[in-house]
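Inside the fold
Residue-level listing of the chains:
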Amino acid sequence: MLEQVFRDEWARVLASLVGFLGDIELAEDAAQEAFAIAAERWPRAGVPTNPTAWLIATGRNRAVDRIRRERTLAIKTEQLERQLRDQPEEPMDETAIFPDERLELIFTCCHPALAIDAQVGLTLRTLCGLSTEEIARAFLVPFETMSKRLTRAKHKIRDAGVPFAVPPDHLLPERLDAVLAVVYLIFNEGWGGGRVDLSAEALRLGRSLVELMPDEAEAHALLALMLINHARTAARFQASELVLLDDQDRSLWDQRQIGEGRRLLERALSLHGGGPYLIQAAIADLHLSEPRDWEEIALLYERLERITSSPVVTMNRAIAVAELEGPEAGLALLDRLELAHYRYFHSTRADLLRRLGRTREARAAYGRALELTQPGPEQRFLEGRLADMGAEPGSGPGG
């Protein structure tokens, strides 16, 4: 129960505490302490009527107690005590309704004073409760590097007094790229690991952004992209096992979400959009057709490659090229890339090698992908691929 509450409500609890305390590190500590207290008390006393309100109230009280104990924070203590005088402490109300401040938190983390990678990483840490290790993996960097980035980002927000608020309209565009990148990374973390809670959070944030910025084509395009992909969730996992697109039961696709995604894509086009999320949404829509138009998909990836210069985009173009010109042509593109720490690079390369009959190399590539994949459906899928290929005498799974 507590683990589910953590997944569902971590972002709301933390966002509320950041709004109250104005300090991300202090708020994280308070939220973690509140969850720790819940883990100790709830099994004995039962789960409160409103777990989120209980956690927020407990976190606030613990943070105030901590600040009162630390004399070096005397100024902050005075400010908080003034707030408490204005709102006298009352017995904890388990049915209290706290405002949802997640949108404020994402814009706080995506302040232009921070580097883009720090903005994205900090939001993944605070809004989604992802571990530093998970974020480092998403960014393809060592754990220590990401840990230092996150710490510096939190200190910079605190020291610069970055306001906890959605910025005024004229400042929204300068934050948009980072915010969209964050939302899409949240979605991908849920999509890749089968974590429906993260995918749902990304969709909620995407809808909020469209409502907040109705004339931004890329906001509409990102939501379209997520909906079109999310519509396949029920068919993508069967009995907790990953099912590839070509093998999915299309009757399980959510046609309502697909329709909504296509309408959003049309809206983005009507706003004269042409950014990376619009192109990706168009590609995702093409993948729903049978047979797929690989030529158009390859052209769109080439266009996206020019915009982003991303090796991951080149990797995806290589998949389309392999369908058009054969696996040798796709492999030639892949082998120019430096994506040694990206699991999908190795699994894609393994598949092309397998199709070429280069079994020993395919085993090694599948083995490397497996090393980089966390336990779950994707890991089991890779294990199945290795098992289907058979073990080479005297060799391990890496060949």
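In this report, we go over the structure that sits alongside the text. Bear in mind the structure is a predicted one, so any value in this text is a computation, not a measurement.

1. Section: empty space enclosed by the protein
By rolling a water-sized probe across the atoms, one finds the places where empty space is left. Using the criterion set out here, one finds one cavity of 30 Å³ or more in the structure. Lining the largest cavity are V18, G22, D23, I24, T108, I157, V162 and F164. Broken down by class, the residue content of the lining of the largest cavity amounts to five nonpolar, two polar and one charged.

2. Remarks on the state of the cysteines
Structurally, a disulfide amounts to a covalent bond that connects the sulfur atoms of two cysteines. Applying the stated criterion to the full structure yields zero disulfides. For C109, which is in no disulfide, the shortest distance to another cysteine sulfur is to C110 and amounts to 6.5 Å. Residue classification places C109 among the buried residues on the basis of a relative accessible area of 0%.

3. Quick notes on helix α15 (residues 294–308)
Here α15 contains 15 residues, and its C-alpha end-to-end distance of 20 Å stays within 8% of the 21 Å for a straight helix at 1.5 Å per residue. Within α15, the full set of buried residues consists of W294, I297, A298, L300, Y301, L304 and E305. When α15 is viewed along its axis, its buried side chains cluster within an angular range of 165° and face the same direction. Counted as exposed and oriented over 90 degrees from the buried face of α15: E295 and R306. Elements that come into contact with the buried residues of α15 comprise α14 (276–286) and α16 (311–325).

Rules of the game
- Residues numbered from 1 in each chain as written.
- Predicted model: local features only at pLDDT ≥ 70, side-chain atom pairs only at ≥ 80, totals over all residues.
- Heavy atoms only, no water.
- 1 Å grid on protein atoms, 1.4 Å probe; cavity = no way out; pocket = protein on both sides within 12 Å on 5 of 7 lines; lining within 4 Å.
- Points joined across faces, edges and corners; volume = space filled by probe spheres on them.
- Nonpolar A, V, L, I, M, F, W, Y, C, P; charged D, E, K, R; others polar.
- Disulfide = S-S within 2.5 Å.
- Buried < 20%, exposed > 50% of the residue type's maximum accessible area, 1.4 Å probe, protein only.
- Helix = DSSP H or I, 4+ residues; strand = E, 2+ residues; numbered from the N terminus.
- Expected span 1.5 Å × (residues − 1).
- Arc of directions from axis to C-beta.
- Contact = heavy atoms within 4.5 Å.

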